[in-house]
Amino acid sequence: MEDDERGDGDELIADYVDCLMSLDTNSRSCQNDALILEGAPDDVDDDAAAAAAAAAEQDVMRDFAPGDGDGDADAENDPKEPVLGMTFESDEAAKMFYNEYARWLGFPFRVGRSRRSKGMEEVVIMKRFVCSREGAHKKKQPSTSGEATSKRERASMREGCNAMMEVVRDKDHWVVSKLEKAHNHSLGIGTRYGYLRARGLPDVSNKIAAMGSDGTASLRQNFLGETGDGQGLLDYLKKKQANDPRCSHAIQVDKNGCLMNVFWADSRAKEAYRHFGDAVTFDTSYKKTKYMMPFVTFSGVNHHLQTVIFGCAFLMEETESSFSWLFETWLAAMGGKAPGSLVTDQNRAMKAAIGKVFPDTCHRFCKWYILSRTKQKLCHAYSEHPDLRDEIESCVIESETISTFETSWMSILEKYDLRKHAWLQAIYNIRQKWVPLYMMGTFFAEISPTQKLETMNDFYKKYFNTKTTLEVFLNQFDSTMTSRYENEAQADIDTRLNEATTRTASPIEKQAASTYTKAVFSRFQEEFTESLGYIIQKTEEGRVNKFSITKDEDDPSDTFCVTYNASSKMAKCSCKYFKFSGILCRHILGVFIIVDPRTLPPDYFLKRWTRNARHDELLEDNSNNHKDATCQSITSRYNVLCADAIRCADKGSASKAVYKAAKDILQKAYEEIIAYERNPGRGLQRDAININEDITIDDTMNDQSLPDFWTKGT
């Protein structure tokens, strides 16, 4: 056996992480923090369906409470006390039970020790949950260098408390093997207790008595207050506003004037949303990290399949009012245009706010989060059956029809004897809320079943730890965003200067290669190539022709129906992949190869996936804005000119050569504006700023240094 223990140098960080996690869990009602999944839409009138949905939701909310005979671990006022021999379905269930017990008595706790098995497949076989005052703080030895130090000695919350509960794995469940209930300190402060020392904040234990009933708000104030990084955050927002006048930001405070939530979105985020805001992901990865930085983002995917950010926020409180404020503020910053689809985590308060702020938006739970939770819930089964994880993911991700998914799911339950597994039953009951097959009629900008957006969790792992200050965090985030903008510009140049390689002589494939970005064409090419391997049979002929498409004649389970209108040259497929992803499915492509192998109708090339995704629409919008009567106001005129300037900046930063040309053009334009301001009677001298004139550029620059979209004046 091997013990996984903390090093002495991590004690204070461990205190901070464990207590902050305890505060995060206990300061909210268990309903807001639980995993909320639904079985049927809210407007279903059928009593049986509503009852089934409610039961499924409650099953997942319990998130694996103790097994049969253990009572309800979620009882708010009278949680069952732990006893030796008590069993749980998973170590997570044991942790949640002990969390409720700790909250009821009023003490923070942490995972003090865990043990893993030896061998190729290391799995956790023991966990010990201890009071956060367990152990003794080991003081560091004074420096022997003789140099003075400005670091102050930090107080420790460790007082040698022996209270703990230890659980060990016993086949397919966990058993309480050791238990100590007695504490050597006073209890009863429960949800009001927290240490936030890791961010350089003072010990708040002396402030507990003054917190009153709103201790959470006081801790939020400490987190970003005068002794923390609050002023730094305000300075950061002021600086962004000064450098980017189109940047929006908003701050929400509670009735006591304490800082609650902060939102901001710069001009690039707004422009990205204009073009790619049809499908949005609300990322709350901080809830799943040990760092607990309450940083959330609105994000999407651009025409190069890269992640783009539509806005950021610090969300101090997960309540319906907080989510509603954030969603309404973000929506206003984005011009009031709601997204067509929204992917989020599961949270009751968030779901309620989305229903109010985005009533017409299709809301879906993230399949990757649910699959990751499934891995946690089935850790024992996964260790016993190495193929189980791949089979479940394949069932969810690779199934082509609903009937295939449901058949495959039931087959897995039978094969591994998981028919009575509570978690699997619960997520199956609400499959319409997270399995993509059930929402193929809505656009989600997912052109590959395995497509994943880069989440903030990835960012945390790369750049963040518990000692990272808010200032460093924000600077690193800005650096990461700058790098992403550069990657997008580079992808634009690569797409325009380097032709995509086709695999066939088909005019359809060549048309797609010249229209899509390279990243999207690569995915289209997969569908086009796959279409050549399908068996296509015409089943009905007339004004509208019908075709039956199948991969294997001996297996009709995955048979698709394509209808083709010869007069409009438009087709529809029963798989609805085009509506979901924005590119044609292999089934429709197979039909077009037969009925019209020359070119595809322009309507099948969604603008957001094309090379000109950012350009044409912006030009049209600006043209309309100039004609709009609202441009009579200073603010409206300013916003229109800012959009033009940003467009120039986006193009001008593509390369050093383009940058120099852009600087020359803009300098001439600025000089002409100043001249006109001084003498408006003489009119603009167009010859001075004719963008079609030749511009002197370094002799070393070749013709390819200027992309065609610049030289053409677009």
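One can find the structure itself at the top, above this paragraph.
The structure contained in this document is the topic of the report that follows. Bear in mind that the values here come from a model prediction, so they are computed numbers and not experimental data.

**Quick notes on the overall build of the chain**
Now for step 1: Helices and strands together make up the secondary structure of the chain, namely 24 helices and 17 strands.
Now for step 2: Going through the 714 residues of the chain one by one, you find that 48% of them count as buried.
Now for step 3: Expressed as a percentage of contacts within the chain between residues at least 6 apart in sequence, the contacts between residues at least 24 apart total 63%.
Now for step 4: Accessible surface for the chain amounts to roughly 35200 Å². Of this, 49% is attributable to carbon and sulfur atoms.

**Focus: the pattern of salt bridges**
Now for step 1: Enumeration over the complete set of coordinates arrives at 27 salt bridges.
Now for step 2: Among the ionic pairs, Glu527 bridges to Arg523, the shortest N-O distance being 2.8 Å. Within this pair, Glu527 and its partner Arg523 are both found in helix α18 (residues 518–531), separated by 4 residues, close to a single helical turn. Of the two residues, Glu527 and Arg523, both sit in the buried class.

**Observations concerning helix α23 (residues 656–678)**
Now for step 1: In a regular helix each residue adds 1.5 Å, so 23 residues correspond to 33 Å; α23 covers 33 Å between its end C-alpha atoms and thus fits that length.
Now for step 2: Considered for burial, the residues of α23 that qualify are Ala657, Val658, Ala661, Ala662 and Glu672.

**A short note on the packing of aromatic side chains**
Geometrically, a pair of aromatic rings is defined through the distance of the ring centres and the angle of the planes.
Now for step 1: Taken as a whole and judged by the stated rule, the model has 35 aromatic pairs.
Now for step 2: Between Tyr273 and Trp330, the ring centres sit 5.2 Å apart and the planes meet at 80°, which makes this aromatic pair edge-to-face. Placement of Tyr273 in helix α7 (residues 267–276) and of Trp330 in helix α8 (residues 320–333) is noted, with a sequence separation of 57 residues between them. Taken individually, Tyr273 and Trp330 each receive the classification buried, so the pair is uniform in this respect.
Now for step 3: Ring geometry for Phe405 against Trp409: centres 5.7 Å apart, planes inclined by 45°, an arrangement best described as tilted. Residue Phe405 and its partner Trp409 are located together in helix α13 (residues 402–415), separated by 4 residues, close to a single helical turn. Note on accessibility: Phe405 and Trp409 belong to one class, buried.
Now for step 4: Members of the aromatic cluster, joined through ring pairs, are Tyr273, Phe282, Phe298, Phe310, Phe323, Phe327, Trp330 and Phe358.
Now for step 5: Taking the ring centre of Trp423 as reference, the NZ or CZ of Lys377 above it sits at 5.9 Å.
Now for step 6: Arg608 extends its terminal NZ or CZ atom over the ring of Trp609, reaching a point 4.5 Å from the ring centre.

**Details of the sheet that holds strand β17 (residues 570–573)**
Now for step 1: Strand order in the open sheet made by the 4 strands is β14-β15-β16-β17, with antiparallel pairing throughout. If you trace the sheet from one side to the other, it starts and ends with β14 (535–540) and β17, each paired once. Each strand of the sheet is rotated relative to its neighbour by a mean of 25°, with strand direction disregarded.
Now for step 2: Along the sheet, helix α20 (residues 586–595) makes contact with β14, β15 (544–550), β16 (560–565) and β17, crossing β16 at roughly 45°.

**A look at the side chain of Lys367**
Now for step 1: Note that Lys367 resides in helix α10 (residues 367–377).
Now for step 2: One polar contact links Lys367 to Glu446, side chain to side chain, over a distance of 3.4 Å.
Now for step 3: Residues contacting Lys367, with those up to four places away along its chain left out, are Val396, Ile397, Trp434, Pro436, Glu446 and Pro449.

**A look at the sheet that holds strand β9 (residues 279–283)**
Now for step 1: Read across the open sheet, the 7 strands follow the order β7-β8-β11-β10-β9-β12-β13; overall the sheet is mixed. The open sheet is flanked by β7 (248–253) and β13 (362–365), the only strands paired with a single partner. Going across the sheet, the axis of each strand differs from the next one's by a mean of 20°, ignoring polarity.
Now for step 2: Judged from the 4 bridges that link them, strand β12 (residues 341–344) and β13 form a sheet pairing that is parallel. Its bridge partner being in β13, Thr344 is matched across the sheet by Phe365.

**Notes on a nonpolar patch on the surface**
Now for step 1: On the surface, Leu234, Ile251 and Val253 cluster together into a nonpolar patch covering about 210 Å² of accessible area.
Now for step 2: Mapping Leu234 onto the fold places it in helix α6 (residues 230–243).

**Here we look at the nonpolar core**
Nonpolar side chains in soluble globular proteins tend to be buried together.
Now for step 1: Ranked by internal contacts, the top residues of the largest apolar core, which has 52 residues, are Phe295, Phe314 and Phe327.
Now for step 2: Ranked by size, the runner-up nonpolar core spans 40 residues in total, among them Ile447, Ala571, Cys585 and Trp609.

About the cut-offs
- Residues numbered from 1 in each chain as written.
- Predicted model: local features only at pLDDT ≥ 70, side-chain atom pairs only at ≥ 80, totals over all residues.
- Heavy atoms only, no water.
- Helix = DSSP H or I, 4+ residues; strand = E, 2+ residues; numbered from the N terminus.
- Buried < 20%, exposed > 50% of the residue type's maximum accessible area, 1.4 Å probe, protein only.
- Contact = heavy atoms within 4.5 Å.
- Areas by Shrake-Rupley, 256 points an atom, 1.4 Å probe, with all protein chains shown as cover.
- Salt bridge = Lys/Arg side-chain N within 4 Å of Asp/Glu carboxyl O.
- Expected span 1.5 Å × (residues − 1).
- Phe/Tyr/Trp six-rings, centres within 6.5 Å; stacked < 30°, edge-to-face > 60°.
- Lys NZ or Arg CZ within 6 Å of the ring centre and 35° of its normal.
- Pairing = 2+ DSSP bridges.
- Axes fitted to C-alpha atoms, helices over the stretch in contact; angles between N-to-C directions.
- Polar contact = N/O pair within 3.5 Å; in protein donor to acceptor, adjacent residues only side chain to side chain.
- Patch = residues over 30% accessible without salt bridge, like charges linked within 9 Å, V, L, I, M, F, W, Y side chains within 5 Å.
- Core = buried A, V, L, I, M, F, W, Y, C linked by side-chain atoms within 4.5 Å.

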